Amino acid sequence: MSTTVPRTPVSTYRLQITADFDLFAATRQLSYLHALGIDWVYLSPLLAAEPGSTHGYDVVSFEAIDESRGGAAGLAALSAEARRLGLGVLVDIVPNHVGVATPVENAWWWDVLRLGRESAHADSFDIDWNLGDGRVRVPVVGDDDLGEDGRIGNLTVVDGELRYHDNRFPLAPGSADDGADPDTVHARQHYELIGWRRADSELNYRRFFSVNTLAGVRVERPEVFAATHAEIARWFTEGLVDGLRVDHPDGLRDPGRYLDDLARLTGGAYVLVEKILEPGEELLHSWATAGTTGYDVLALLDRVLTDPAGQQPLDELETRLRGAPLDWEQLVLERKRVVATVVLRAETNRIVRELSASPGFDALDRSGGEGSLQEAVAELLACFPVYRSYLPDGREHLDQAFAAARAHRPELAEAFDALEPVLTDPEAPAARRFQQTSGMVMAKGVEDNAFYRSSRLTSLNEVGADPGVFAISVPEFHAAMATRQREWPHAMTALSTHDTKRGEDVRARIATLAELPGIWAETLEVLLGLVPLPDDGFGALLWQAVLGAWPASVEGAPPADLRERLHGYAEKAMREAGDHTTWTDPDPAYEDAVHAAVDAAFDDVRTHQVLTELVERVAAAGWSNALATKLVAITAPGVPDVYQGSELWEQSLVDPDNRRPVDYDRRRELLGQVRESGATWPTSPDDEGAAKLWVTHVALTMRRERPELFEAYTPLEARGSAAEHVLAFDRGGVVTVATRLPVGLAEMGGWGETTISLPDGRWVDALRGVETLAGARSSTTGGASGSAVAVADLMGDLPVALLVKED
């Protein structure tokens, strides 16, 4: 078996490395991944993280791999086994921030708290030392411990540390006399413990979004980059790792420069960026990256399989539920305003401080004072049409934001006039700060809030997608894929990730509602009548989640953990929506009503019946959509990623549900069975996913073993009464044929005389082993661009076909 690893993957398989599934456990599954057809294994963050972290994005030390995840020995073992099997290794890294929830675990943060500006790591963190009189503000104090006299309850000095409940903090040298009052000692420190509610408006260090326990790191400084990437450099020096996925590059001061630094560090290794692109936005070709992690393609895949005819009736349904039409663009603007003025007010204020410090900036007198500057900056952040600019690149987005802000807030015209020359200057500190912040506002306002206030068709409410775009046509999809093949052939294609709001097969089933808007409206009305909710609009979102996660086989009891999972989803969804209850101010009555609806799905006979009847109605169509999405994702241009476990049905909801343990023993067993039996696996939607496993295995293996057949992209035309139900393309010797809109196809009686044009030759369906002749030797109708072949003959009982040219 070859041990030579190509520099670019053909496919990847994402593994969430945790204390319970460490690098040694992952190593034991590599032979299964190779048998599945995978080319590279793709690992979640490995560096030492907060104690008990289940995701690894809260790194506390850049110097070593987390021992609980297997440590250096674990990576060495995994890399050695990967090399034996011919697999590459891709690792997720987190350059933007570090975890500071447990200061004693983060040596750099501990030193900064102990020594303040004199710390060797003071410049490693993005701290505004001028705010707070040189003290880092640490927002951990609860309401009950804030005394009117400024004293803090439950503050003690123990073993040379300042303690607040279970929180431990260092003491500055010489700051604690024997028997000193804890509040007096606290006043002598280089940090100030403040009430947690003050963080959003008064924090003086950059956060990851609104997470106080994740502090921004200044990797734009060469010495900080070197220190934070020393262990990562070792991985490449020792040949342990082949590529990297960069988390949240938009939080960095200069993402382009960072990627150049990373390319030098890794010798030009394969690098992907977790970059969210808005519709029509393009990734900068000047960046040293193979492309994005695939949310942009995920959005296209979902929408090309969504029936555009469902938009109007579903819009009308949401209007009835909410009492007024939902204007998505207006909702986004309003939620981003709240984020910029409340949730991330501290970040907005910091931009204003840097503006005020800009040379020659005298806008305070001319524009009505600092308050109007804050309002103007917040409005610009709210109006910014994409995540961020990279000046001078993206100047057009900033111009759009100024134009929209002036239209919305004409009374701030003078402030905007004063801001424009500074915020359009690529070298201005305030402009760079603004660019780092605009993406935070977008993410918190849209993904973490507005997504939970729109329930028209929730399969569209996904990371990297615009719910305002309901569907795309087959020609639009082909055009996007042709561009991708030409410009970003090695970017990742994702369907499910650790960040998706709904797993790929949840979305595939929910998408069927666009074909059945009347049935959905009737069923939802019955459900809301049986279990009334305070907010019918949120009720629609909740019941779509239940529908998507419910097992296809409705006989017998649902999985034992499903009730708990749905309660967890309901809590997160309603609190993220934030219009009735929030994480910081929950409304027990509202939440009880929502949880009662979840319980009714299991316990109330009539509610359970109505729900399961709907599941039975849509399960087959959802199954068809799921197989179509999977095959197209694997065979379309790009590097397909299989998120852990999603080779079987992926019916997870938002995190942490999508990070549950995976039963690899069962997957290994089932893969052996389907490989032995070939194409004789169940073709019904109520099995555990053998059909999906077979499609995944065959397509992945074909991509890995026959890469020369995937070097082009040519749309294939369908003709006939069911032509709109076909999505087909030729990659240069492999043809993918997938079913669209399966409900409508069934209603018209199937494929009928519908055909697609295949290039002349002998084609074999790798999924079914059935041969098709196209051209003079067959009975099909030939033409200049190929021969018309009956789609019914290609598909058989399946919604997909994978044709390989054998000539």
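Scroll up a little and you will see the structure.
All of these numbers come straight from a predicted model, not from anything done at the bench.

Which parts of the structure should I look at to understand the overall build of the chain?
Within the chain one finds 29 helices and 26 strands. Whereas a compact globule of 807 residues would reach a radius of gyration of roughly 28 Å, the chain reaches 28 Å, a difference of no more than 12%. Dimensions along the principal axes, computed over C-alpha positions, put the chain at roughly 95 × 60 × 55 Å. Residues classed as buried in the chain amount to 62% of the 807 residues present.

It is not clear to me how the environment of Ala728 should be interpreted in this structure. Could you clarify?
Tracing the chain through its elements places Ala728 in strand β19 (residues 726-730). Take Ala728: its relative accessible area is 1%, and that puts it in the buried class. Placed 13 residues apart in sequence, Ala728 and Pro715 show a C-alpha to C-alpha distance of 6.3 Å. When sequence neighbours within four positions are dropped, the list of residues in contact with Ala728 reads His478, Pro715, Leu716, Thr736, Val737 and Ile756.

Would you explain the sheet that holds strand β11 (residues 211-216) in this entry?
Pairing between the strands of a sheet is mediated by backbone hydrogen bonds and can be parallel or antiparallel. Pairing is antiparallel across the open sheet formed by 3 strands, whose spatial order is β4-β11-β10. Looking at the sheet topology across the chains shown, the edges are occupied by β4 (97-99) and β10 (207-208). Here β4 runs beside β11; their pairing, made up of 3 bridges, is antiparallel. What sits directly across from Gly99, in β11, is Leu214.

How do you make sense of the pairing of β19 when you look at a structure like this?
Successive residues of a regular strand alternate their side chains across the two faces of the sheet. Counting buried positions over the 5 residues of β19 gives 5, a clear majority of the element. Burial of the side chains of β19 extends over both faces: Val726, Ala728 and Asp730 are buried on one face and Leu727 and Phe729 on the other. In this structure, strand β17 (residues 714-715) lies alongside β19, joined through 2 bridges in antiparallel fashion. Its bridge partner being in β19, Pro715 is matched across the sheet by Phe729. One ladder, built from 5 bridges, connects β19 with strand β20 (residues 734-739); its direction is antiparallel. Looking at the pairing, Ala728 lines up with Val737 of β20.

I would appreciate a short explanation of helix α21 (residues 517-530) in the present structure.
What sets the pattern is the α-helix's 3.6 residues per turn: residues three or four places apart point alike. The end-to-end C-alpha distance of α21 is 20 Å, a good match for the 20 Å that 14 residues give at a rise of 1.5 Å each. Within α21, the full set of buried residues consists of Pro517, Trp520, Ala521, Thr523, Leu524, Leu527 and Leu528. On the buried face of α21, the contacting elements are α11 (311-322), α22 (536-549) and α25 (605-635).

Would you explain the environment of Trp109 in this entry?
Within the fold, Trp109 resides in helix α4 (residues 107-115). The spacing of Trp109 and Ala215 is 106 residues in sequence and 9.1 Å in space, taken between C-alpha atoms. Aside from chain neighbours lying at most four places away, what touches Trp109 is Val100, Pro103, Phe125, Ile127, Val136, Tyr205 and Ala215.

Would you mind showing me how to read the nonpolar core here?
Judged by nonpolar contacts, the single largest core of 126 residues is most densely connected at Leu15, Leu43, Val136, Leu193 and Trp235. Here this core gets 9 residues from one element, more than from any other, and that element is helix α27 (residues 690-705). Aside from chain neighbours lying at most four places away, what touches Leu193 is Val138, Val140, Val141, Ile152, Leu155, Leu162, Tyr164, Phe169 and His186. Ranked by size, the runner-up nonpolar core spans 105 residues in total, among them Val339, Val546, Phe602 and Val743.

Sorry, what's going on with the sheet that holds strand β12 (residues 243-246) here?
One open sheet accounts for 8 strands, arranged β14-β13-β12-β3-β2-β1-β16-β15; its pairing is parallel. Only two strands of the sheet have a single neighbouring strand rather than two, namely β14 (291-292) and β15 (492-493). Pairing geometry for strand β1 (residues 12-15) and strand β16 (residues 639-643), over 3 bridges, is parallel. Residue pairing across strands places Arg14 opposite Tyr643, the latter belonging to β16.

Just to check I follow, could you spell out helix α16 (residues 395-408) for this structure?
Taking 1.5 Å of rise per residue, 14 residues should cover 20 Å, and α16 covers 20 Å from first to last C-alpha, within 8% of that figure. Listed as buried for α16 are His397, Leu398, Ala401, Phe402 and Ala405. On an axial view of α16, the arc spanned by its buried residues comes to 140°, and they lie on one face.

What am I meant to see in the layout of surface pockets here?
Over the atoms rolls a probe the size of a water molecule, and in doing so it shows where empty space is left. Each pocket or cavity is described by its volume, and for the second largest pocket that value is around 810 Å³. If you go around the second largest pocket, you meet 37 residues; those closest to its centre are Trp649, Glu650, Gln651, Arg667 and Glu688. Taken together, the elements giving at least two residues each to the lining of the second largest pocket come down to α20 (504-510), α23 (562-577), α25 and α26 (664-677). No other element matches the 4 residues that α25 contributes to the lining of the second largest pocket.

I keep staring at empty space enclosed by the protein and nothing clicks. Help me out?
Within the structure shown, the criterion is met by 7 cavities of 30 Å³ or more. If you add up the space inside the largest cavity, you get close to 100 Å³. Every residue lining the largest cavity is listed: Leu203, Asn204, Tyr205, Arg206, Ala346, Glu347, Arg350, Arg353, Arg433, Gln436, Thr437 and Met440. Every element with two or more residues in the lining of the largest cavity is listed here: α13 (345-356) and α18 (429-447). Taken together, the residues of the lining of the largest cavity break down into 4 nonpolar, 3 polar and 5 charged.

I keep staring at unusual backbone geometry and nothing clicks. Help me out?
Looking along the chain, the bond that leaves Leu391 and enters Pro392 is cis, with omega of 10°. Here Pro392 is to be found in the loop between α15 (370-383) and α16. In this chain, Asp655 is followed by Pro656 through a cis amide linkage whose omega measures 10°. One can find Pro656 in the loop between β16 and α26. Phi at Asn154 takes a positive value of approximately 60°, unusual for a residue other than glycine. The partly exposed category is assigned to Asn154, whose relative accessible area is 46%. Phi at His248 is positive, roughly 40°, even though this residue is not glycine. Mapped onto the fold, His248 is located in the loop between β12 and α9 (255-266). Exposure remark for His248: the relative accessible area of 9% places this residue in the buried category.

What is the right way to read the packing of α23 against helix α24 (residues 588-603) from this model?
Helix-helix packing is characterised by the crossing angle of the two axes and by the distance between the axes. Close contact between α23 and α24 brings their axes to 10 Å; oriented N to C, the two are set at 150°. It follows from the interaxial angle that α23 and α24 lie roughly antiparallel. The two elements α23 and α24 cross, and the hand of that crossing is right-handed. Contact residues: α23 offers Leu562, Arg563, Leu566, His567, Ala570, Glu571, Met574 and Arg575, while α24 offers Tyr590, Glu591, Val594, His595, Val598, Asp599, Phe602 and Asp603. Partitioning the contact of α23 with α24 into residue classes produces 8 nonpolar, 2 polar and 6 charged.

Help me understand the pattern of salt bridges in this model?
Think of it this way: side chains of opposite charge can pair up when their charged atoms draw near. Counting across every chain of the model gives 63 salt bridges. The shortest N-O distance in the salt bridge between Asp143 and Arg197 comes to 2.9 Å. One end of the pair, Asp143, is in the loop between β5 (136-141) and β6 (155-158); the other, Arg197, is in the loop between β9 (191-195) and α6 (199-202), and 54 residues separate them in sequence. Its relative accessible area of 47% is what places Arg197 among the partly exposed residues. Asp448 serves as the salt-bridge partner of Lys444, at 3.4 Å between the closest nitrogen and oxygen. Taken as a pair, Lys444 and Asp448 share a single burial class, namely buried. Here the residues in one salt-bridge network are Arg14, Asp92, Arg245, Asp247 and Glu274, joined through shared partners.

How each quantity is defined
Residues numbered from 1 in each chain as written. Predicted model: local features only at pLDDT ≥ 70, side-chain atom pairs only at ≥ 80, totals over all residues. Heavy atoms only, no water. Helix = DSSP H or I, 4+ residues; strand = E, 2+ residues; numbered from the N terminus. Rg over C-alpha atoms; globule rule 2.2 N^0.38 Å. Buried < 20%, exposed > 50% of the residue type's maximum accessible area, 1.4 Å probe, protein only. Contact = heavy atoms within 4.5 Å. Pairing = 2+ DSSP bridges. Expected span 1.5 Å × (residues − 1). Core = buried A, V, L, I, M, F, W, Y, C linked by side-chain atoms within 4.5 Å. Arc of directions from axis to C-beta. 1 Å grid on protein atoms, 1.4 Å probe; cavity = no way out; pocket = protein on both sides within 12 Å on 5 of 7 lines; lining within 4 Å. Points joined across faces, edges and corners; volume = space filled by probe spheres on them. Nonpolar A, V, L, I, M, F, W, Y, C, P; charged D, E, K, R; others polar. Axes fitted to C-alpha atoms, helices over the stretch in contact; angles between N-to-C directions. Parallel < 35°, antiparallel > 145°, perpendicular 65-115°, else oblique. Left-handed = near helix turned anticlockwise from the far one by under 90°. Salt bridge = Lys/Arg side-chain N within 4 Å of Asp/Glu carboxyl O.

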